[in-house]
Every structure is written in structure tokens, then in C-alpha cells.
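Chain by chain, the residues run as shown.
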Amino acid sequence: MTIATTASPELEPAARSRNYLNQTRGLRSWLITLDHKRIGILYMVAILGAFFLGGVFAVLLRTELISPGPTLIKDPVRAWDFYNHMFTLHGAVMTFMFIIPAIPAILGNFVLPIMLGAKDVAFPRLNLLSFYLYAFGGVFFVWVLLSGVIESAFGIKLYGGGGLDTGWTFYTPYSTSTSSAVVPAVLGAFILGFSSILTGLNFIASMHMLRPKGMTWFRMPLFLWALYGTSAIQILATPVLAITLLLLVAERTLGVGIFDPALGGDPVLFQHFFWFYSHPAVYIMILPAMGIISEVVSVFSRKHIFGYSFIAMSSIAIALLGFLVWGHHMFTSGQSPVANAIFSLLTFTVSIPSAIKVFNWLATMHGGSIQLKTPMLYAIGFIMLFSIGGLTGLFLGSLATDIHVHDTYFVVAHFHYVMMGSTLFAFLAGMHYWWPKIFGKMYNEYLGRLAALVVFVGFNLTFMVQFIAGAHGMPRRYANYLDEFTIYHQISTIGSYVMAAGLVMVAINWLDSLVRGRPAPENPWGGNTLEWQTTSPPPTENFARTPTADDPYALHKWRYDASIEGYVKVAE
Amino acid sequence: MLGQSSESSFWLPVNASSYGGEVDWVFYFIYGVCVVMMVLIVVLAVLFIWRYRHRPGVEPSRLSHNTPLELTWTIIPTIVVGFIFYFGFVGFLNMNTPPRNLYEINVTAFKWGWAFQYPNGHVDQNLHIPRDRPVRLILSSQDVIHSLYIPAFRIKKDAVPGRYNKMWFKATKEGEYHLFCAEYCGTKHSEMYAKVIVHDPTQFAAWLEEAANWAAKLPPAEAGQKLYSVRGCAQCHTVDGSGGIGPSFKNIFGESQKLRDGSSVLVDEDYIRNSLMNPGSQIVAGFENVMPTYKGRLKDVEITALIEYIKSLSEHYEAPPAAVEESAPEENATQPAAQHSTGGENTKP
């Protein structure tokens with residue numbers, strides 16, 4: 001067997017040192033760039049900023065709850081307001097500005113065109129517009145929310161602020177009657193939604209039009225299948241959120257009476273509208289995460305993904321079924337028992353494609369050659385946390401038990417396992433997996449693994465006890481609680497500190513790698529998807545010559561070469 | 001101590017209602033499924049990570065699918081979740097098929113408290129019920145959506161403005177249990193706490209009789225203060241002079257008020273009584289006509305008590321010399337009455 005470095009042999013050494021990061025210089029060249037990779041990095045900066053903000057408030061929230069009664073602020077009424085503004089900020093920023101866009105906007109933007117062997121997404125200008133919508137909507141949104149926290153904490157009124165204390169769900173009639181700044185906040189979320197729609201549109205067009213020679217639909221990498229399902233939901237569901245939020249604004253400013261019972265409206269109608277978007281939105285968060293895990297588990301097991309078509313089809317099944325289950329958020333609202341029964345039954349059908357994926361990932365590991373590198377550790381963490389999140393969903397789908405645990409910490413724990421356990425861990429897996437490709441630098445593997453372990457331990461410490469607290473009846477969104485729940489809150493708060501420490505380690509590792517990391521080879525992990533067949537970091541046009549795709553999981557075509565600390569293609 | 005502490009398990013609080021057992025059974029069934037599945041996943045993962053760890057020279061398998069195996073792990077979970085749905089559905093059906101002859105209590109939720117109204121008109125801050133008798137709660141809300149949650153009964157239902165939601169249960173154990181608001185409702189959401197007190201059925205009627213007459217047994221101003229907090233006045237009318245949906249009660253008695261139609265009125269006993277009975281007839285300038293009538297909802301002794309309470313909030317009004325000290329019930333001598341519930345002490349921190 002002969003070994004040859006075949007990835008991009010036609011590039012001259014001088015051309016190799018030129019890449020998308022150093023092709024042009026200056027802030028202006030970044031702010032008006034049409035390069036999907038640079039837009040991905042712009043998103044990375046903005047979204048990680050939002051994650052930092054949401055994370056700081058997560059830790060503050062948990063600190064407020066370390067003991068019953070007011071903790072950070074002594075005056076009770078102000079402390080409750082402070083808490084309500086904080087949990088709204090944490091939930092809204094994390095949902096609208098981190099979990100929903102993180103994987104598609106950062107990693108999807110960066111990787112999707114390269115995986116397609118394309119120069120860029122189908123509509124590069126639209127891509128830049130969606131970034132600016134995100135940035136503009138985000139600044140607006142954060143300003144409103146943050147000013148509310150500052151006002152309730154320090155009594156300082158900021159210009160254009162007013163805060164939001166409705167929770168990220170904006171339930172009527174609380175949201176139409178509260179004195180906080182619902183309308184500006186809703187407009188911020190509205191703008192963020194447009195960013196999401198445009199990204200989805202761009203991705204779908206790209207996958208339809210730009211697939212390279214040899215890439216049939218069933219030879220598309222699973223990350224792309226996941227992004228396809230995600231984009232479809234974004235395009236179909238996000239307009240519903242937009243309409244709902246506009247109705248809320250109309251209700252609040254004009255008193256049109258859609259949701260106000262005094263005017264003939266129905267407050268529960270808002271919940272139907274809201275969850276008709278927001279339940280599918282959960283799958284906007286999870287599907288791309290599952291896509292990353294499929295890539296990572298296969299590559300670090302050095303084995304073809306098991307049951308490719310089952311995984312691809314289960315992504316589509318999840319996307320479709322995800323639209324039919326919104327009513328399971330309203331089992332206690334007084335909707336008809338028949339509706340409850342139907343929604344319960346449909347909810348269980350979504351669990352099947354999710355279970356299929358978990359078994360496929362495990363089967364992929366069977367007979368493999370497993371390397372526990374940082375991305376793989378996060379992927380295994382994902383499988384564990386997603387399994388716990390998915391299984392505890394059974395308690396919530398089942399009518400009798402949901403009535404008891406609905407709106408308690410059990411739900412808080414469940415959705416943090418599903419949304420954060422899945423999205424955050426997959427995001428971190430993907431970030432570490434593609435980091436060498438994105439920046440051309442290797443991070444410190446030992447620190448990476450240690451951080452993954454600390455984050456995993458911290459996460460479980462934080463949220464595992466919340467299942468117990470919730471099953472014992474601790475309601476969610478409580479600024480204060482009965483003494484008997486103290487122990488659960490204390491363990492949870494300590495867990496949040498551990499997790500925060502782990503995430504700080506991740507940040508240090510990334511920053512350190514940018515400064516001191518050793519140059520990354522083209523293919524450090526031995527993946528067979530097309531992004532590993534160009535330089536690290538890629539040139540602006542991604543490839544010197546449009547590559548031909550084959551089976552994305554034919555990993556046996558790559559051999560480790562110790563001299564370059566990366567993989568090289570085996571000549572056939 | 002509260003009932004929960006005695007017989008609760010690691011996962012669930014004590015069960016004190018008739019279908020609590022059914023819910024718990026489904027809970028532990030699902031729990032069993034979860035444990036089996038989780039153990040399977042963890043064991044397989046750990047086993048594979050160990051057994052198939054990277055070793056130089058060992059070629060990974062090229063197996064990429066196995067349709068019978070994949071169909072198996074699609075069909076088996078489908079059957080399992082089918083069972084879970086069925087058990088959960090049966091338990092839920094029981095919650096929705098109440099027996100005849102229910103004891104009905106009307107519940108009004110407001111920011112931030114509960115008013116439980118009994119068939120004889122008595123309104124209580126806490127929920128008192130007889131043991132072994134099916135009880136129906138008819139829930140409504142004065143403002144936003146609240147949710148009545150009794151963990152020990154495994155029951156929860158939203159109180160939605162403009163709608164009557166119903167829930168029923170049968171308490172099986174005497175004692176005191178927590179009652180929470182589970183739907184986020186603003187600033188004091190976490191303070192919207194009440195107690196459920198399950199009485200011996202033979203003593204329940206006696207309790208209700210006693211409780212219904214509480215206002216007559218207190219000095220009127222104190223009774224008025226309790227009524228002010230129990231009947232939701234506090235929602236709109238402050239007692240410290242700060243703003244609200246309606247005029248503050250502080251320093252209002254004996255003063256002249258400008259009305260919306262330009263005329264003035266002296267705030268005296270007649271004016272207060274009229275404001276309770278016909279709230280729309282004399283609206284103070286600067287306020288909206290939003291107060292509901294209390295005609296038929298307050299007894300005369302309660303109206304008098306409220307008037308006395310409002311009098312007591314006015315600095316200009318000379319209170320008559322205090323009654324002889326011994327006549328005040330001693331439980332009210334130590335603490336301000338507003339911190340009392342009408343049916344027992346709240347233990348909320």
C-alpha cells in the first residue's frame with residue numbers, strides 16, 4: 001500500500017499559507033465579508049458573547065437560590081423582581097440567542113459549504129444579512145433585558161430599557177398586563193427570528209443546488225441531513241412565532257382582544273400559538289446536535305456510521321413529528337381531555353426516532369477503534385445526557401405523571417438535559433472537532449479532556465438533584481422556597497459553579513490555542529467528509545478544484561501518519 | 001410538622017389522595033423502564049469503549065448496517081412507550097371522571113393568593129377539606145393565569161381568567177399539605193403559597209361553622225384588616241399611600257374626594273358601603289371603573305369591619321378609646337392580624 005498526501009497537491013506552498021483568515025486584513029474586510037467562513041466567525045464571537053451573558057446569569061440565579069429567602073438583595077420584593085428579570089434574561093438569551101442559532105449559525109455556516117465542496121452558501125449576501133439581523137436584534141433584546149435586571153438590582157433606570165419579567169414564554173395575560181417592556185423585547189425576538197428563517201432558507205437552497213459530483217442525497221454527511229431537517233423547521237415554524245409575537249404586541253398596545261377574556265379572547269390560545277413554534281424549536285436545537293454526534297462518533301471510532309439511512313430518516317421523522325406535539329405543554333391548562341390524550345400519544349412517537357439514533361451511535365462504536373479525544377468525550381457525554389433527558393421525557397409525556405411534575409423542577413431538569421445536555425455538549429464536541437480546521441491550530445488535548453470531564457460532572461451535579469426536587473413538588477420559577485428544598489438547591493448551585501469552572505477551562509484552552517497552538521494538519525482526525533480534504537484553515541475559495549464526494553464514512557481510506565500528526569489518504 | 005416529612009420516599013412526597021397511588025405506580029413503572037434503558041446504554045458504552053479502544057494494528061470492523069437489528073430496536077421501544085401511554089392515560093381518565101355528590105369549593109386565584117369559598121359563603125386563605133369525601137374545586141382567576149398544585153395529591157390545574165377549570169380529588173390522610181402556584185404569575189409568584197388541611201370528616205362541619213363566624217369574634221378593625229388581605233382588596237388598594245389600581249386607603253377616611261364627574265364626596269361610612277355595593281356609582285377622579293361589586297358577597301358584619309379598618313388607617317381620624325384589654329382574643333395580641341390566615345398559621349418563610 002502506498003501512501004500519498006492527496007488532499008490538495010495542486011496548491012503551491014505560497015498559496016498554502018494564504019487562507020481565509022489572512023487573505024485580506026482589517027476590521028472592514030470582516031464586517032462586509034461575504035465569505036461563509038468569516039460570517040461563521042462573526043457569529044461565533046456574537047453567540048459566544050450571548051452564551052457568556054446567559055451563563056453569568058445562570059450562576060447568579062443559582063447563587064440567589066443557594067438559601068431560601070432573599071439572598072443577593074435583602075429587600076424581598078426587590079429580590080423577587082430581580083430574580084424574575086434574571087430568569088427571564090437567562091432563558092430568553094440562552095434560547096433565542098444561543099441554543100437555537102449556535103450550531104447552525106457557527107458550525108453550519110462554516111462547515112456546510114465545505115462539506116458540499118462548494119465555494120460558499122447559495123446566497124452569500126443573504127447570509128451576511130442574517131448575521132446583521134442577529135446582531136441588531138440581539139443588541140436590542142439584550143439591552144432591554146439587561147436594563148431590567150440592573151433596574152431591579154440597583155434602582156438605576158437605563159434609556160430605552162424597562163426589562164422583561166415574563167419568562168421567555170411571554171404567557172398572556174401576564175405579558176399583556178405586566179409593566180415591564182414587553183413590546184421592545186418582543187420586537188428583538190422578532191428580528192432574531194428573521195435571522196433564523198434566512199439561515200434556514202440559505203442552507204436548504206445550498207443543499208439542493210450545490211452538492212458536488214458523487215454526492216447523492218443518501219451520500220450526504222449526516223450533519224447535513226440534520227441541518228436540512230433543522231432548516232425546514234426554521235422556515236415553517238419561525239413565522240408562527242413572528243405572527244404570535246405581533247399578535248401579542250397588538251393585544252398589548254391596541255387591546256384587540258385575541259387573548260383577553262374580558263374582550264372575548266382566550267389566554268390559552270396564546271399558548272397554542274407559542275408552542276406551535278416553540279416545540280418544533282426544541283428540535284431546531286437538537287437535530288443539528290445529533291448531526292454533529294453522528295460525525296464525531298463515527299470518526300473517533302474509526303468506523304462507518306451504523307445505519308446511515310435510519311439516522312437520516314429519523315432526522316426527518318423528528319422534524320415532522322415535532323410539529324404535532326405542541327399541546328403536551330398544556331396538559332394542565334384545562335384543554336379537553338381528548339386533546340390531552342392525542343397529544344400524549346403523539347409525544348411518545350417522537351421518542352422512537354430519538355431512541356433509534358442512540359442505538360445507532362452505540363452500534364457504531366461496536367467493533368470500532370475508539371479514541372477518547374476531546375470531541376469524542378463530549379459526544380459520549382452527549383449520549384449519556386441526551387438519554388437521561390429523553391427517558392425523563394417519558395414522565396412528562398405520560399398524562400398521569402405529567403400532571404404531578406408539570407411546571408416543577410423536574411421539567412427544569414428534563415429540558416436542561418435535553419436542550420443543554422444535547423446542544424451544549426454537541427456544540428462543544430463540534431467546536432473541538434472543527435477547531436483545527438477553522439483556525440488551523442491544535443488545542444491542548446489534555447486540558448480539553450479535563451474540561452470535558454469537569455463540565456460533565458458539574459452538569460450532572462447541577463441538574464440531577466432537580467429531578468428529585470421537582471418530583472417532591474418544588475415548582476419552577478420560584479425566587480423563594482420552603483426550607484425542605486434547601487439541600488437540593490445547594491447541591492445544584494455548587495454544581496453550577498463546577499460547570500462554570502469547566503467552561504472557563506474550555507475558553508482558556510481555545511484562547512491559548514489561538515496564541516500558542518501548534519499548526520493543525522489538514523486532517524487531524526481522519527474524517528472522510530470533504531472539509532478534511534482541504535487545507536487548515538481553508539483558502540477563501542475552500543478548494544483549489546471542486547472535489548468529488550464518495551461515501552462520507554469510508555474512513556478506511558485514511559491512514560494515520562505520525563510525521564505530520566494527521567491522516568493522509570490511502571492511494572487506491 | 002407537615003405531613004410530607006413522615007412518609008415520603010426518595011423520589012416522591014407522601015401520597016394523601018385516592019389516585020395518588022395510581023400516579024405513583026405509573027411513575028415507578030416509567031422509572032423502572034428508565035433505569036433498565038439507562039443501565040443498558042451505560043453498560044454498552046463502557047463495554048465498547050473498553051473492548052474496542054484504539055490499539056495499533058487492530059483494524060476496525062467495516063460493518064455499516066443490520067436491518068433486522070435496527071428494526072428490533074425500533075419496534076421494542078414502540079411497544080414499551082405504547083404501554084407507558086396506556087397506563088398514563090388510564091390514570092388521567094380517573095382524574096377526569098369524578099364521582100357524583102362532590103363537595104364543591106370555589107377557588108379564586110389572584111396576585112398573589114388564593115380565596116377558597118365554601119358553600120356557606122365562608123372564604124378562607126387555606127384549603128380545608130374533609131377526609132374521604134370527594135371534593136371538587138372550581139377554579140377561576142381574577143387576573144393572570146395561576147396554577148393550583150398540591151404535590152401530596154399529585155394534582156395540578158391552571159386557573160385561567162375567563163374560564164372555570166375543574167379538578168376533583170379525595171383526600172385519604174389527615175394532615176397539612178403544601179399548596180403552590182405552579183404557573184409563573186409575576187413578582188410574588190413564589191410567595192403564592194397556601195396550606196391544605198385535611199380534617200376528620202366528623203369535625204369538618206364544626207370547623208366550617210366556627211370559621212364562617214370568625215369576623216364577628218374579632219375587634220372590627222382587625223377583622224377588616226384580615227378581610228382586606230383575604231378578599232383581594234390588597235390587589236388594588238394599598239394601605240401605605242402608594243399608587244395602585246384603586247385609591248390607597250391611607251388617610252382617606254374623613255377626607256373629601258374629587259370624583260370623576262367633577263363633584264366631591266366625603267369619605268364616610270356611607271360612601272365606603274356604597275363603593276362596595278355599587279362601585280361604579282362614585283368613582284374617584286383618576287381611576288378606572290374596574291372594581292367588581294361585593295353585593296351579596298360580604299356580610300354586614302364584614303362591611304362594618306372593613307369600614308373600621310379603613311378608619312384605623314387615617315391619621316386624622318380619632319379612634320375611640322381602645323376596648324378593655326382582656327376582651328381581645330389573645331392569639332391576636334402578639335402578631336399583626338394580617339399575617340394570620342383565617343384558618344391557621346402560614347408557615348411559609
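In the block above lies the structure referred to throughout.
For clarity, every value in this text was computed on a predicted model and none was experimentally measured.

Conventions adopted
- Residues numbered from 1 in each chain as written.
- Chains lettered and ligands numbered in written order.
- Predicted model: local features only at pLDDT ≥ 70, side-chain atom pairs only at ≥ 80, totals over all residues.
- Heavy atoms only, no water.
- Helix = DSSP H or I, 4+ residues; strand = E, 2+ residues; numbered from the N terminus.
- Expected span 1.5 Å × (residues − 1).
- Polar contact = N/O pair within 3.5 Å; in protein donor to acceptor, adjacent residues only side chain to side chain.
- Pairing = 2+ DSSP bridges.
- Axes fitted to C-alpha atoms, helices over the stretch in contact; angles between N-to-C directions.
- Contact = heavy atoms within 4.5 Å.
- Buried < 20%, exposed > 50% of the residue type's maximum accessible area, 1.4 Å probe, protein only.
- Salt bridge = Lys/Arg side-chain N within 4 Å of Asp/Glu carboxyl O.
- Parallel < 35°, antiparallel > 145°, perpendicular 65-115°, else oblique.
- Left-handed = near helix turned anticlockwise from the far one by under 90°.
- Nonpolar A, V, L, I, M, F, W, Y, C, P; charged D, E, K, R; others polar.

> Give a description of unusual backbone geometry that names residues and reports values.
The phi torsion of most residues other than glycine is negative, and most of the peptide bonds are trans. Residue P537 of chain A is reached from S536 of chain A by a cis peptide bond, and omega for that bond is -10 degrees. A cis amide bond links K111 of chain B with the next residue in sequence, W112 of chain B, at an omega value of -5 degrees. With respect to the helices and strands, the residue W112 of chain B is situated in the loop between β1 (103–110) and β2 (113–117). One non-glycine residue, N542 of chain A, lies in positive phi territory at about 75 degrees. Phi angles above zero are rare outside glycine, and D132 of chain B is one such case at about 65 degrees. The residue D132 of chain B is located in the loop between β4 (127–130) and β5 (134–141) in this model.

> Can you tell me about helix α15 (residues 445–471) of chain A, naming the residues and giving the values?
Residue and element names in this part refer to chain A. Under the 1.5 Å per step criterion, the end-to-end length of α15 is 39 Å for 27 residues, consistent within 8% with the ideal 39 Å. Two to three positions downstream of the cap, the backbone nitrogen of Y446 sits 2.9 Å from a side-chain oxygen, assigning the N-cap of α15 to N444. Looking one or two residues past α15, G473 carries a phi angle of roughly 105 degrees, positive in sign.

> Explain the sheet that holds strand β3 (residues 123–124) of chain B residue by residue, including any values.
Residue and element names in this part refer to chain B. With mixed pairing, the five strands of this open sheet are ordered in space as β3-β2-β1-β5-β8. Both edges of this open sheet fall to β3 and β8 (165–170), since each of them pairs with a single strand only. Examined bridge by bridge, β1 and β5 share seven bridges and lie parallel to one another. Across the sheet, N106 pairs through a bridge with I138, a residue of β5.

> Explain the sheet that holds strand β6 (residues 146–150) of chain B to me, using residue names and the numbers behind them.
All names here are of chain B. Spatially, β4-β10-β9-β6-β7 is the arrangement adopted by the five strands of the open sheet, whose pairing is mixed. Looking along the sheet, the strands with just one partner apiece sit at the ends: β4 and β7 (155–159). On average, adjacent strands in this sheet sit at an angle of 25 degrees to one another, irrespective of strand direction. As defined by bridge partners, β6 adjoins β7 across five bridges and the pair is classed as antiparallel. By the bridge assignment, H146 is partnered in β7 with A159. Where helix α4 (residues 201–212) meets the sheet, it contacts β4 and β10 (194–199), and its direction lies at approximately 140 degrees from that of β4.

> I'd like a description of helix α11 (residues 337–365) of chain A, backed by residues and values.
Here α11 of chain A spans 43 Å end to end across 29 residues, near enough to the 42 Å set by a 1.5 Å rise per residue. Along α11 of chain A, 21 of the 29 residues are buried, which leaves the element largely enclosed by surrounding structure.

> I'd like a rundown of the pattern of salt bridges, residues and numbers included.
All names here are of chain A. Overall, the coordinates contain 19 salt bridges over all chains when judged by the stated rule. Among the ionic pairs, D550 bridges to K557, the shortest N-O distance being 2.3 Å. This pair shows no difference in class: D550 is buried, exactly as K557 is.

> Give a description of the packing of helix α10 (residues 308–321) of chain A against α11 of chain A that names residues and reports values.
All names here are of chain A. Running from N to C, α10 and α11 point in directions that differ by 155 degrees, and their axes come no closer than 9 Å. In terms of orientation, α10 and α11 fall into the roughly antiparallel class. The element α10 and its partner α11 pack so that their crossing is left-handed. Residue-level inspection shows F310, I311, S314, S315, A317, I318 and L321 of α10 in contact with α11, the latter providing T349, V350, P353, S354, I356, K357, N360 and W361. Residue composition of the contact of α10 with α11, by class: nine nonpolar, five polar and one charged.

> Any details on the environment of V230 of chain B? Residues and values, ideally.
The residue V230 of chain B is located in helix α5 (residues 220–230) in this model. Along the sequence, V230 of chain B and P219 of chain B sit eleven residues apart, while their C-alpha atoms lie 17 Å from each other.

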